[in-house]
Every structure is written in C-alpha cells, then in structure tokens.
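Spelled out from the first residue to the last, the chains are:
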Amino acid sequence: MSSSKRQACAVCAWRETCAKKFCVTDGGARCPDFSRDVSIKVPDEESDEIQ
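On a predicted model such as this, the values are computed, not experimentally measured, just so you know.

Criteria and cut-off values
- Residues numbered from 1 in each chain as written.
- Predicted model: local features only at pLDDT ≥ 70, side-chain atom pairs only at ≥ 80, totals over all residues.
- Heavy atoms only, no water.
- Salt bridge = Lys/Arg side-chain N within 4 Å of Asp/Glu carboxyl O.
- Helix = DSSP H or I, 4+ residues; strand = E, 2+ residues; numbered from the N terminus.
- Buried < 20%, exposed > 50% of the residue type's maximum accessible area, 1.4 Å probe, protein only.

Focus on the pattern of salt bridges
Part 1 of the argument: Under the counting rule described, the total for this entry stands at two salt bridges.
Part 2 of the argument: In this structure, the salt-bridge partner of aspartate 37 is arginine 15, at a minimum N-O distance of 2.8 Å. Of this pair, aspartate 37 sits in the segment before α1 (45-50) while arginine 15 is found in the segment before α1, placing the two residues 22 residues apart along the sequence.
Part 3 of the argument: Accessibility expressed as a relative area gives 13% for aspartate 37, which makes it buried.
Part 4 of the argument: Lysine 20 is the partner of aspartate 33 in a salt bridge, and the nearest nitrogen-oxygen pair spans 2.4 Å. Linking aspartate 33 in the segment before α1 with lysine 20 in the segment before α1, this pair joins segments that are 13 residues apart in sequence.
Part 5 of the argument: Accessibility expressed as a relative area gives 41% for aspartate 33, which makes it partly exposed.

Printed below as a string of structure tokens:
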C-alpha cells in the first residue's frame, strides 16, 4: 500500500471534531469514518521517485 493512500488521523477531514482519534489503537488506519481532507495536497508519486 502506498504511503499517499494510507489513512491517518492527521489527514482526516474530521480530525478537528473526531471523538475517536484517541480511542483507536491503530492510529485511524481502519476508521470507518475516515475521509481524506482535500485541502491537504498529496505529493505526486512521480516527483517522489525523481528526488
């Protein structure tokens, strides 16, 4: 699984109002309410390979 596709509380759209983030032991990796925050840009995989 690519790191850009990984779920994490830090990039979740609900991180400000989430009541689960301190209860989920896997850091939100399997959170059913996870939704990626579209305001956070995901780096292109091509540019990561070049660097």
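Once you've had a look at it, read on.
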